[in-house]
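Below are the chains, spelled out letter by letter.
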Amino acid sequence: MKKGILKKAIIITVIINVIIFLAVGAKITFEKSKEAIVKQIGQNFQIPKFPGAGGGFGIYNERKPTCADSSDYHGQLIYARPADSADRFLEVSPKLKKWLSEANGILNTEAERFKVTADLKMVCLGGEVKAENVVLPKARNFYDLSADTNQAVITDLMKLGYSDKKTKYIVWFDGDGNASGCGGSVCISQASKKGPDDKLSEDNIFNIGPDFALLFKIEDSKVSQFGTNADMLIPIAMLHEYAHTMGALQQSAPHSTKKEKPGVHCTDTQPIGQGGTDIMCKSDAKGEVFGNECPGMYPFRFDCNNDDYFNPKPEPGSYLATHWNLGSSLNRFIQFSE
Ligand SMILES: [Zn+2]
């Protein structure tokens, strides 16, 4: 009897030691690959070699968006496929929700610098962000080969009734963004355009829908351009385009790209592709000069120095205290709380 207990104790001890050994080994491997990723991002974000797809390694502080009342202003997630494409809704929609939570994490991490929380207000179903499964009326070639895929998709979505004034749509288009609007080359995302309007008031033109933040499927061509795990860029692209629809940023902002109107990007950090941190800093025109503020790799910044488009608590008299500010409680599409 005693011998049996001793035997059991030895076996259990051995098992526990093996588990500890494996766990420590896994942790070391995890830390090492994390280090490698950090280096990689620092060198060239456009070809990140992220392990796995759709997140991980704490690059994004994943946080679920908030569920808005149906009568309130909100964002709505859409999976849209051309009429002749296979339905990949079941495969893509969970990823969309994860990417959106990662995008929301970038936003909230920025807000937390001001001791507030900020969450995108979304349409939900059963307490979870809802994704719509939409079939577009035309074949894939029509959209992919269109002079402006972005506009072609938006036009058809609006015809299908996705044109609510209280809604900004975040659309994953299951096709290629081969659009003139993307400089004629491949692109991963694009937003509908309007404005400018930099006045700080509830009736700002950016404080209403319908608007569209479009994400294009990551095609082989894009994988070769952006790297095998190019979909790791999606949370950044998602928030970037959505921020455009909310009015980021205005040409009057201190660090806006001004060489080409309307100048909707910022210049205070290097573009993400060159190792910068501000997700809105990107060239509108060749020859734009970028600063080197807010260095580091991540957390990514949703307005480096909070002086151009997002500041929940701007200094009285400063630019964002007197102009349209995505961090203002006037913004109907973000939920703030102390
Ligand atoms: Zn942009």
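Whatever comes next refers back to the structure up there.
The model shown is predicted, which means the values in this text are computed figures rather than measured ones.

In terms of regular secondary structure, the protein is built from seven helices and ten strands. Looking at the 338 residues of the protein, the share that counts as buried comes to 51%. Within the protein, counting contacts between residues at least 6 apart in sequence, those at least 24 apart form 69% of the total.

It is worth spelling out the coordination of the zinc ion at this point. Looking at the zinc ion, one finds its protein donor set to be His 240 (NE2), His 244 (NE2) and His 265 (NE2), positioned 1.9 to 2.0 Å from the metal centre. Of note, the donors binding the zinc ion are all from one chain and are spaced H-x3-H-x20-H. Of this pair, His 244 sits in helix α6 (residues 234–245) while His 265 sits in the loop between α6 and α7 (319–322); the two residues are 21 residues apart in sequence, bridging distant segments of the chain. The buried category is assigned to His 244, whose relative accessible area is 12%. Note on His 265: relative accessible area 5%, which makes it buried.

Within the secondary structure, Met 158 is located in helix α4 (residues 149–159). When the C-alpha atoms of Met 158 and Asp 211 are compared, they prove to be 10.0 Å apart, with 53 residues separating the residues in sequence. Among residues more than four places away in sequence, those in contact with Met 158 are Ser 163, Pro 210 and Phe 212.

Moving on: the pattern of salt bridges. Under the defined criterion, the tally for this structure stands at 20 salt bridges. Between Arg 301 and Glu 110 there is a salt bridge; the shortest N-O distance is 2.7 Å. Highlighted residues: Arg 301 in the loop between α6 and α7 and Glu 110 in helix α2 (residues 89–112), separated in sequence by 191 residues. The same class applies to Arg 301 and to Glu 110, which are both buried. Asp 156 is the salt-bridge partner of Lys 138, the closest N and O atoms lying 2.8 Å from each other.

So, about the packing of α2 against α6. Running from N to C, α2 and α6 point in directions that differ by 65°, and their axes come no closer than 8 Å. What the angle tells us is that α2 and α6 run roughly perpendicular. As α2 runs across α6, the sense of the crossing is right-handed. Taken together, the residues of α6 that come into contact with α2 (itself represented by Leu 96, Trp 99, Leu 100, Glu 102, Ala 103, Ile 106 and Leu 107) are Ile 234, Pro 235, Ile 236, Met 238 and Leu 239. Tallied by class, the residues present in the contact of α2 with α6 amount to eleven nonpolar, no polar and one charged.

Once that is clear, we can look at the state of the cysteines. Scanning the entire structure with this criterion turns up three disulfides. The residue that forms a disulfide with Cys 67 is Cys 124, at a sulfur-sulfur distance of 2.0 Å. The sign of the S-S torsion, about -85°, decides the handedness of the disulfide formed by Cys 67 and Cys 124: left-handed. Within this pair, whereas Cys 67 is found in strand β1 (residues 66–67), its partner Cys 124 is found in strand β4 (residues 124–125), the two being separated by 57 residues in sequence. One disulfide in the model links Cys 266 with Cys 281; its S-S distance is 2.1 Å. Disulfide Cys 266 to Cys 281: torsion about the S-S bond roughly -110°, handedness left-handed. Note that Cys 266 is positioned in the loop between α6 and α7 and Cys 281 in the loop between α6 and α7, a separation of 15 residues in sequence.

What follows covers the packing of aromatic side chains. How two aromatic rings sit relative to each other is given by the distance of their centres and the angle of their planes. Considering all chains together, one arrives at twelve aromatic pairs under this definition. Each ring, one from Tyr 73 and one from Phe 333, has its centre 5.7 Å from the other, and the planes form 75°; the classification is edge-to-face. On the criterion of sequence distance, the pair formed by Tyr 73 in the loop between β1 and β2 (74–81) and Phe 333 in the loop between α7 and β10 (334–337) is long-range, its members being 260 residues apart. Given a relative accessible area of 16%, Tyr 73 falls into the buried group. Their ring planes at 20° and their centres at 5.1 Å tell us that Tyr 169 and Phe 212 sit as a pair that is stacked. Taken as a pair, Tyr 169 in strand β7 (residues 167–173) and Phe 212 in strand β9 (residues 211–216) lie far apart in primary sequence, 43 residues in all. A single burial state applies to Tyr 169 and to Phe 212, both of which are buried. Among the aromatic residues, those joined into a ring-pair cluster are Phe 142, Tyr 143, Phe 173 and Phe 216. A cation over an aromatic ring shows up here: Lys 166 above the ring of Tyr 73, its NZ or CZ 5.4 Å from the ring centre. Sitting over the ring of Phe 333, Lys 168 keeps its end group 4.7 Å from the ring centre.

Scoring rules and cut-offs
Residues numbered from 1 in each chain as written. Predicted model: local features only at pLDDT ≥ 70, side-chain atom pairs only at ≥ 80, totals over all residues. Heavy atoms only, no water. Helix = DSSP H or I, 4+ residues; strand = E, 2+ residues; numbered from the N terminus. Buried < 20%, exposed > 50% of the residue type's maximum accessible area, 1.4 Å probe, protein only. Contact = heavy atoms within 4.5 Å. Donors = N, O, S within 2.8 Å, 3.2 Å for Na, K, Ca; no water. Salt bridge = Lys/Arg side-chain N within 4 Å of Asp/Glu carboxyl O. Axes fitted to C-alpha atoms, helices over the stretch in contact; angles between N-to-C directions. Parallel < 35°, antiparallel > 145°, perpendicular 65-115°, else oblique. Left-handed = near helix turned anticlockwise from the far one by under 90°. Nonpolar A, V, L, I, M, F, W, Y, C, P; charged D, E, K, R; others polar. Disulfide = S-S within 2.5 Å. Phe/Tyr/Trp six-rings, centres within 6.5 Å; stacked < 30°, edge-to-face > 60°. Lys NZ or Arg CZ within 6 Å of the ring centre and 35° of its normal.

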